[in-house]
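Coordinates in review
Each chain, letter by letter, is given below.
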Protein chains: 2
Amino acid sequence: MMNKRWSKEVRGLLQKKKRKESNRFIVEGRKNIEELLRSDLTIECLFYTEKLHSIIDKYDNKSIAVLQETTAELLKQNGHLQTNDSGLAVVHIPTTSIPHSTDLEDLSLALDNVKDPGNLGTILRIADWYGIKNIFLSKECTDAFAPKVIASTMGAFTRINVHQVDLIELLTQYKQDNIAILGADMVGTDIHAYKSNQKSVVVMGSESHGISENVSGILNEKITIPRYGQAESLNVAIATAIICDNIVRK
Amino acid sequence: MMNKRWSKEVRGLLQKKKRKESNRFIVEGRKNIEELLRSDLTIECLFYTEKLHSIIDKYDNKSIAVLQETTAELLKQNGHLQTNDSGLAVVHIPTTSIPHSTDLEDLSLALDNVKDPGNLGTILRIADWYGIKNIFLSKECTDAFAPKVIASTMGAFTRINVHQVDLIELLTQYKQDNIAILGADMVGTDIHAYKSNQKSVVVMGSESHGISENVSGILNEKITIPRYGQAESLNVAIATAIICDNIVRK
């Protein structure tokens with residue numbers, strides 16, 4: 001079961017403030033728990049239902065301080081998911097160090113003020129599909145360890161390094177080091193025609209206002225997704241996917 | 001204001017059953033109302049706040065049976081949006097006739113059992129970006145006129161013809177008429193290498209089970225999005241966007 005102390009702990013971690021203070025976050029649902037167990041992340045406790053037995057058994061050599069069976073009802077009461085018949089874990093937020101430009105992969109992403117947790121989680125999942133290792137978030141972005149973000153990643157949170165940084169400072173540094181800083185915009189180089197051998201960081205702007213003026217000033221180049229119909233815009237996660245598909249294939 | 005009769009009507013239209021019976025649906029929020037006014041759809045009534053005055057004035061030649069000013073509070077109470085400080089309209093569901101194969105555009109979409117309203121709305125928005133005119137939904141798909149779908153379309157519902165059909169029957173007919181029936185799958189022809197001059201319908205499967213066995217049997221070809229990283233899958237709307245981008249550019 002889940003005692004009162006743990007129940008309070010878990011509910012606290014639904015709030016950003018508590019996550020920051022205790023440097024921990026929660027992971028819920030079968031797919032995410034399975035990916036968590038497969039990862040090197042430090043699991044402080046894991047509450048699970050009988051439906052997770054076979055998976056727990058597979059990872060019985062893992063060191064987990066608190067490992068307790070509980071009910072779907074208690075998982076639902078304490079977590080953020082509307083239904084959860086598998087498990088809920090409390091996990092340490094991993095420490096990441098910002099990569100030097102020489103350690104960057106060919107493509108990285110930067111998000112400037114992306115506010116929607118579902119969008120952020122989906123972008124992590126896309127990054128994971130395209131083998132992107134590092135995502136840089138501006139300070140104004142939604143918290144990458146919010147339960148709704150983690151839920152949308154479908155396990156990608158275990159593989160992507162998320163860095164919440166002063167975006168202007170970092171991108172300025174990378175630009176000096178000859179990394180191409182690209183920005184998605186409504187007007188720019190057609191992404192179907194874009195070619196480059198340079199390592200790049202692609203900046204995606206906020207849902208409502210695009211890339212902020214200060215970040216826009218740093219860009220080497222604006223890139224755009226050609227439109228064939230009449231929609232005014234694309235959702236930021238959709239645009240991220242199309243851009244990644246075009247850059248990675250080259 | 002919104003009287004009791006209208007309040008009851010509008011709330012009723014949150015349910016699929018009432019939408020089917022009365023052949024009407026609701027449209028909410030500034031962007032969608034603006035696109036609605038620009039369209040040829042028949043608006044039965046429009047409740048709006050002072051924030052919508054300038055837009056209403058622009059379309060004062062439109063024939064709308066009931067046009068009433070109301071409050072954001074009442075819009076929120078009666079509609080599905082968590083906040084709505086602009087407007088809410090009751091609109092007739094347009095009659096669409098299923099296009100003959102000779103009338104199909106180069107690319108159309110078919111959705112097999114897509115259940116999530118947010119996904120369906122986002123797919124309509126993507127189709128609108130790529131100039132796709134017709135989307136065919138299997139009978140099991142979520143209702144395309146649900147408020148959450150309409151909200152996610154960002155106006156695309158005014159431009160896309162959505163047909164809820166017997167997918168197997170229709171695709172079989174189109175295939176006989178030499179339309180290429182393609183299906184998105186985890187294994188198939190690399191979408192980056194796919195080339196064809198044939199008109200095509202791309203089938204996207206359900207969030208959890210992909211394309212159903214019966215529909216799968218009709219496909220001329222399976223297509224796939226190459227993976228460079230470790231994510232197990234992509235969200236169906238994300239996959240739709242990447243496939244559209246690859247087929248339309250050719």
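Keep in mind that what you see is a predicted model, and the values were worked out from it rather than measured.

What follows covers the relation of the copies chain B and chain A. For the match of chain B to chain A, the screw axis carries a shift of 0.0 Å, the RMSD comes to 0.0 Å, and the turn is 180°. As the rotation angle and translation indicate, the two copies are arranged about a two-fold axis. An overlap of 100% is found between the interface residues of chain B and their copies at the interface of chain A, pointing to a shared contact surface.

In the numbering adopted here, UniProt assigns the feature "domain: tRNA/rRNA methyltransferase SpoU type" (unreviewed entry) to residues 107-244 of chain A. As annotated, residues 107-244 of chain A comprises 31% helix and 25% strand, and the C-alpha atoms at either end are separated by 8 Å.

With that out of the way, let us pick up the interface of chain B and chain A. How big an interface is tends to be expressed through the accessible area that disappears when the partners come together. Taken residue by residue, the interface counts 31 residues in chain B and 31 residues in chain A. The junction of chain B with chain A conceals about 3000 Å² of combined surface from both sides, 60% of it contributed by carbon and sulfur atoms. Per-residue buried area on chain B facing chain A is highest for Arg125, Trp129 and Arg249 of chain B; these three make up 26% of the total on that side. Between chain B and chain A we count 2 salt bridges in total. Between Lys31 of chain B and Glu232 of chain A there is a salt bridge, and its shortest N-O distance comes to 2.8 Å. At the junction of chain B with chain A, the criterion picks out 20 residue pairs in polar contact (both at pLDDT 80 or more). Counting residues per element, the ones that place at least two in the side of chain B that touches chain A are α6 (117-129) and α10 (236-248) of chain B. Looking at the side of chain B that touches chain A, its residues break down into 14 nonpolar, 8 polar and 9 charged.

Next up on the list: the packing of α6 of chain B against α10 of chain B. Residue and element names in this part refer to chain B. Packing of α6 against α10 brings their axes to within 9 Å, and their N-to-C directions diverge by 15°. Relative to α10, the element α6 lies roughly parallel. The hand of the α6/α10 crossing is right-handed. Across the interface between the two elements, Asn119, Thr122, Ile123 and Ile126 of α6 pack against Val236, Ala237, Thr240, Ala241 and Cys244 of α10. Grouping the constituent residues of the contact of α6 with α10 by class yields 6 nonpolar, 3 polar and no charged.

In this structure the tally under the stated criterion is 24 salt bridges over all chains. With a shortest N-O distance of 3.4 Å, Glu21 of chain B and Lys17 of chain B are connected by a salt bridge. Here Glu21 of chain B and its partner Lys17 of chain B are both found in helix α2 (residues 16-22), 4 residues apart, which amounts to about one turn of the helix. Lys17 of chain B carries the same exposure label as Glu21 of chain B, and that label is exposed. Asp85 of chain B is paired through a salt bridge with Lys51 of chain B; the nearest N and O atoms lie 3.2 Å apart. Of this pair, Asp85 of chain B sits in the loop between α5 (72-78) and β4 (87-92) while Lys51 of chain B sits in the loop between β2 (43-48) and α4 (53-58), and the two are 34 residues apart along the sequence. Using a relative accessible area of 38% as the deciding quantity, one classes Asp85 of chain B as partly exposed. It is possible to trace a salt-bridge network through shared partners that takes in Lys31, Glu35, Arg38, Asp128 and Arg159 of chain A together with Glu232 of chain B.

Note on placement: Lys8 of chain B falls in helix α1 (residues 4-12). In sequence terms Lys8 of chain B and Asn78 of chain B are 70 residues apart; their C-alpha atoms lie 8.2 Å from each other.

All right, on to the domain arrangement of chain A then. All names here are of chain A. You can read the domains of chain A as domain 1 (4-92) and domain 2 (101-248). Distance between the C-alpha centres of domain 1 and domain 2: 29 Å. Each partner contributes residues to the interface: domain 1 has 16 residues there, and domain 2 has 14 residues. In total, domain 1 and domain 2 occlude about 1200 Å² of area from one another, counting both sides; carbon and sulfur atoms represent 62% of this. Between domain 1 and domain 2 we count 2 salt bridges in total. Of the charged contacts in the structure, one is a salt bridge between Arg19 and Asp143, with a shortest N-O distance of 2.8 Å.

Buried residues of helix α3 (residues 30-38) of chain B: Lys31, Asn32, Ile33, Glu35, Leu36 and Leu37 of chain B, and no others. Packing partners of the buried residues in α3 of chain B comprise β1 (24-28), β2, α4, β4 and α7 (147-153) of chain B.

With that out of the way, let us pick up the sheet that holds strand β4 (residues 87-92) of chain A. Residues and elements named next belong to chain A. Read across the sheet, 4 strands follow the order β1-β4-β2-β3 without closing on themselves; strand pairing throughout is mixed. Looking at strand neighbours, the two that pair on one side only are β1 (24-28) and β3 (66-69), the edges of this open sheet. Strand-to-strand twist of the sheet, defined as the mean angle between neighbouring strand axes without regard to direction, takes the value 10°. The sheet contact formed by strand β2 (residues 43-48) and β4 spans 5 bridges and is antiparallel. Bridge pairing in β4 places Leu46 opposite Ala89.

For the rest of this paragraph, the subject is the sheet that holds β1 of chain B. Residue and element names in this part refer to chain B. Read from one edge to the other, the open sheet built from 4 strands follows the order β1-β4-β2-β3, with strand pairing classed as mixed. In this open sheet, the two strands that pair with only one neighbour each are β1 and β3 (66-69). Each strand axis lies, on average, 10° off the axis of its neighbour in the sheet, ignoring direction. Against the sheet, α1 engages β1, β2, β3 and β4, with an angle of about 105° to β2.

Take the UniProt feature "domain: MRM3-like substrate binding" (unreviewed entry) in chain A next. Those residues carrying the UniProt feature "domain: MRM3-like substrate binding" (unreviewed entry) are residues 8-73 of chain A in this numbering. Here residues 8-73 of chain A is 44% helix and 23% strand, with 16 Å between the C-alpha atoms at its ends.

Let us now look at the pairing of β1 of chain A. The side chains of a regular strand alternate between both faces of the sheet. Residues and elements named next belong to chain A. Burial of β1 is extensive: 5 of the 5 residues sit out of reach of the surface. Residues Arg24, Ile26 and Glu28 line one face of β1 and the alternating positions Phe25 and Val27 line the opposite face, and both faces are buried. The sheet contact formed by β1 and β4 spans 5 bridges and is antiparallel. For Val27, the partnering residue across the bridge sits in β4 and is Ala89.

How each quantity is defined
Residues numbered from 1 in each chain as written. Chains lettered and ligands numbered in written order. Predicted model: local features only at pLDDT ≥ 70, side-chain atom pairs only at ≥ 80, totals over all residues. Heavy atoms only, no water. Least-squares fit on C-alpha atoms with pLDDT ≥ 70 in both. Contact = heavy atoms within 4.5 Å. UniProt positions renumbered as here; feature names shortened; annotations may be inferred. Helix = DSSP H or I, 4+ residues; strand = E, 2+ residues; numbered from the N terminus. Buried area = accessible area lost by both parts, 1.4 Å probe. Salt bridge = Lys/Arg side-chain N within 4 Å of Asp/Glu carboxyl O. Polar contact = N/O pair within 3.5 Å; in protein donor to acceptor, adjacent residues only side chain to side chain. Nonpolar A, V, L, I, M, F, W, Y, C, P; charged D, E, K, R; others polar. Axes fitted to C-alpha atoms, helices over the stretch in contact; angles between N-to-C directions. Parallel < 35°, antiparallel > 145°, perpendicular 65-115°, else oblique. Left-handed = near helix turned anticlockwise from the far one by under 90°. Buried < 20%, exposed > 50% of the residue type's maximum accessible area, 1.4 Å probe, protein only. Domains from an automatic or database assignment. Pairing = 2+ DSSP bridges.

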